[in-house]
Amino acid sequence: MHTEYFKVDPVKPDLEILAKAAAMLQQGRLVAFPTETVYGLGANGLNEQAVKAIFAAKGRPSDNPLILHIDAVDKLTTLAAHVPPNAAALIERYWPGPLTIVVKRQPIVPDVVTGGLDTVAIRLPSSLVARELIRLAGVPIAAPSANTSGRPSPTTAQAVLADIEGKIAAVIDAGSCDIGVESTVVDCTTPVPTLLRPGGITYEMLVEVLGEVEVDPTLAGAQAIPKSPGMKYTHYAPAAPLFLVESEPVTAARLIKREIDQALATGKTVGAIVSAELADSLPPEVRTAVYGRRGDATVIAANLYENLRSFDNAPVDVIYAEGLAEKGLGLAVMNRLRKAAGYRIIRE
Ligand code: TXA
Ligand code: MG
């Protein structure tokens, strides 16, 4: 299939172009579009066949449910059977924005969207292009990240095309995504809301509104890391095996240099994803992707997926990544890095 390429301004998008893309969505076709987090792979969320095509284009397991994207808060009640007070408080504060809430669903939501669950994930993005597209389509848009399943999420239209060109009707290019990691997913059906996926709205920001937040046990760091890493856990993975070094900065620098020296000594080509502070002290033959200054988690998040993808066309045998503190966006970044590493973690 030929994939149409539409370019729009992120601040003043051409509505005629977006109307063309919206018409494709209405016809049940797939359109990749920018959001403030990552690029999404959109389909009419009420059209079962269209939603099925998303799973095919991504190679995504059908039991992994999708987020429905809406363009205005008043659409929420068409999809949600019940909006508990905690959910309402989060929405009031953080919508539009990188927050997805999980609530009981209305019967209108197809099973193919929710994987058969009686809940549905809903998000109102702040990206103007995304919201105008959804408004023009006139239906909720089901959209996972627009990558091939298992690969890093795309934060540019070029990354979308690299993965799924020819499998979708169109891509809308509005430049790089601001936040760079996916939305925060919060299950609001539990008595105390549960953080299912850390993302653009930080844990600290959730606590500010809710006072108390449960954290899904699979996110609880070291203790909960699966004992037998396998394909099942592979997400966001770059082309070469990634090892994540998790320690405070001084120890991490020592460990990462030791690992790199050993790999170079065995003749391997080595890549590194590290802070600006560490980059200068690595051997010159290491292919280094600098993710930002240590402690600047906002910048590190914005660069993360392009850093992971930067080794696609500059092949290396192994990649080492420097971990960071799990504060602010650092929690989401570490969650993605652990998955990208398939839980191959080096620490002292
Ligand atoms: O920022 C984002 O959220 C991006 C952009 C495109 O909006 N979308 C995205 O979608 O990251 P995806 O499909 O890659 O991730 C959706 C996450 C998955 O972890 C999925 O398991 C969870 O949301 N999810 C969806 N519906 C759910 C439900 N009913 N209950 C629990 N988790 C759900
Ligand atoms: Mg995804």
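Each chain carries its own residue numbering, running from 1 in the written order of its sequence. The lettering of chains begins at A and the numbering of ligands begins at 1, in the order of writing. Under the rules for a predicted model, residues below a pLDDT of 70 receive no local features and side-chain atom pairs below 80 are neither given nor counted, while totals for whole chains, interfaces and linings still include all residues. Hydrogens and water molecules were not included; the side-chain quantities draw on all heavy atoms of the structure.

Some words on the pattern of salt bridges
To keep things clear, this is the line we draw: Any carboxyl oxygen of Asp or Glu within 4 Å of a side-chain nitrogen of Lys or Arg constitutes a salt bridge here. Helix and strand assignments come from DSSP, with helices taken as H or I runs of at least 4 residues and strands as E runs of at least 2, each series counted from the N terminus.
A complete count under the given rule lists 19 salt bridges for this structure. Salt-bridge contacts for Arg135 lead to Glu132; the nearest nitrogen and oxygen are separated by 2.5 Å. Residue Arg135 and its partner Glu132 are both found in helix 6 (residues 128-137); the two are separated by 3 residues, about one turn of the helix. With its nearest N and O atoms 2.9 Å apart, the salt bridge here joins Glu348 to Arg254. In this pair, Glu348 is assigned in the segment after strand 16 (345-346) and Arg254 in helix 9 (residues 249-265), connecting sequence segments 94 residues apart. Sharing partners across several salt bridges, the network here consists of Arg151, Asp163, Arg309 and Asp312.

Concerning the domain arrangement of the protein chain
Quick note on the threshold: Note that the domain bounds were set by an automatic or database domain assignment. Any two residues having at least one pair of non-hydrogen atoms within 4.5 Å are treated as being in contact. We define buried area as the total accessible area lost by two parts upon association, computed with a 1.4 Å probe and summed across both.
Entries for the protein chain in the domain assignment read domain 1 (4-220) and domain 2 (242-346). Placing a centre on the C-alpha atoms of domain 1 and another on those of domain 2 gives a separation of 28 Å. Facing the 25 residues of domain 1 at the interface are 15 residues of domain 2. Counting the surface lost from both domain 1 and domain 2, the interface buries some 1,500 Å², and carbon and sulfur atoms represent 53% of this. Ranking the residues of domain 1 by area buried against domain 2 places Pro152, Val181 and Pro198 at the top, with a combined share of 31%. Between the two partners, domain 1 and domain 2, sit 3 salt bridges.

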